[in-house]
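Architecture and fold: a report
The residues making up each chain are set out below.
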Amino acid sequence: MPPAAPSPIMRRRRLGIELRSLRETAGLTGDQVIERIGWASASKLSRLENGRSRPDPQDVGVLLDLYGADAAAREELLGIAGEAGDMRGWLKNFPVMTQQQRSWAELEAGCAEISEYNPVLVPGLLQTAGYARVRLLSARRVGEGAGEPEPADELETEVRARLARQSLLTREPHAPSYTAVLEEATLGRRAGPPEVLHEQLHQLCELALLPNVTLHVLPRDTQVGDWYLPPTAFSLYRFADPLDPETLAIEGGFTDVMSTESITLNRYKVVFEWLCTAALNASDTLSWLIEATGRLTGAGPGSTVAFGPATAPTQRRRDSGRLTDR
């Protein structure tokens, strides 16, 4: 089977890393490169090396000539430049998408593994349309209060975009392995109207049954590590192409930060391991979600929902200090 389509944003970052390495090996500064090839702006090279612009294969070819790249490197990097620059085929999957949503979709494409933690929200890849709409409306009201009105049609565009991104979890073949740790508080009654929360919990039950999806609920009073308190939401991405750098995305309220630095990534990997160890295992999480869904329907904890009996976990199974079915 063919591999998953590569992530356009990672193609750009990979290309930038390789071009910078070739430039440094050639002993050239950025200013020297600009002077020799006659580009009008030094920022053009900077954007290419930092993966912030869609590369023109002709420009990449000029740089490879200057750096004296061998035939193998030239073929590989021109191929990457083509994948990073030609977005038409990739965008067919996302016909309606805002720029912010597109950046997330680009990052998620080509992933082999995604790990996410959010202390206050259900992650975007798991949200229902109703839950997403509530979240976006509340954020919009903050913007309006700050004098930042948004176009009237922006809301539904964002909702449709978020739902389009979710096809990643069920794509055939090569759906990524997806793991999320959900704080119990994110699924409480503060999250939205009862009907919205019920629908969201129901969808989480269905997603938890997918073979590539693992969900963990973290009870509110559970200790994490040595009393560690995660300060913010974050996601970790590993890609099908092992040469594409693993990426960390730190999600803030209104600003997102991304990093490929191994030291920073490793710290967040440790934190995610602590979170998974502290949280309910996958089986008990499904039972928790079914119970929560039943309570919202007024059926009570002893009811049976479409996913099976709502049996509350009385004790989490551990093996040498770890949950057994990670």
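Summary of the structure given here. (Residues numbered from 1 in each chain as written. Predicted model: local features only at pLDDT ≥ 70, side-chain atom pairs only at ≥ 80, totals over all residues. Heavy atoms only, no water.)

So, the packing of aromatic side chains
The condition that has to hold: Aromatic contacts are taken between Phe, Tyr and Trp rings whose centres are within 6.5 Å, Trp giving its six-membered ring; a plane angle under 30 degrees counts as stacked, one over 60 as edge-to-face, and the others as tilted. Secondary structure elements are defined from DSSP: runs of H or I of at least 4 residues count as helices, runs of E of at least 2 residues count as strands, and each element is numbered from the N terminus. Note on classification: 1.4 Å probe, protein chains only; a residue is buried when its accessible area is under 20% of the maximum for its type, exposed when over 50%, partly exposed between these limits. By definition, being over a ring means that NZ of Lys or CZ of Arg is both within 6 Å of the ring centre and within 35 degrees of the ring normal.
Here the structure, examined in full by the defined rule, presents four aromatic pairs. Ring centres of Tyr117 and Phe234 lie 5.9 Å apart, and the angle between their planes is 45°; on these two criteria the pair is classed as tilted. Here Tyr117, found in strand β1 (residues 111-118), pairs with Phe234, found in strand β4 (residues 233-239); they are 117 residues apart in sequence, far enough to count as distant. Judged on exposure class, the residue Tyr117 and its partner Phe234 are both buried. Members of the aromatic cluster, joined through ring pairs, are Tyr117, Phe234, Tyr268 and Phe272. It is Lys44 that lies over the ring of Trp39; its NZ or CZ is 4.5 Å from the centre. Above the ring of Tyr131, the side-chain terminus of Arg135 is found at 4.8 Å from the ring centroid.

Considering the pattern of salt bridges
Counted only if it meets this: Within this document, salt bridges are pairs made up of a side-chain nitrogen of Lys or Arg and a carboxyl oxygen of Asp or Glu, the two lying within 4 Å of each other.
By the definition in use, this model includes 14 salt bridges. With a closest N to O distance of 2.7 Å, Asp65 and Arg74 form a salt bridge. On the accessibility criterion, Asp65 (52% relative accessible area) is exposed. Put simply, Glu184 and Arg220 hold a salt bridge, and the shortest N to O gap is 3.0 Å. Within this pair, whereas Glu184 is found in the loop between β2 (177-183) and α10 (194-208), its partner Arg220 is found in the loop between β3 (213-218) and β4, the two being separated by 36 residues in sequence. Judged by relative accessible area, Glu184 falls into the buried class, the value being 16%. Under the relative-accessibility criterion, Arg220 is labelled exposed at 54%. One connected set of salt bridges, linked through shared partners, spans Arg11, Arg14, Glu18, Glu76 and Asp244.

So, the pairing of β3
Rules: For two strands to pair, DSSP has to find at least two bridges joining them.
With respect to burial, β3 is a largely interior element, five of its six residues being buried. The pairing of β2 with β3 spans six bridges and is parallel. Considered in β3, the bridge of Thr179 is made with Thr214.

Looking at the environment of Thr297
Within the element layout of this structure, Thr297 appears in the loop between α12 (282-296) and β7 (304-305). Between the C-alpha atom of Thr297 and that of Pro194, which follows or precedes it by 103 residues, the distance is 8.8 Å.

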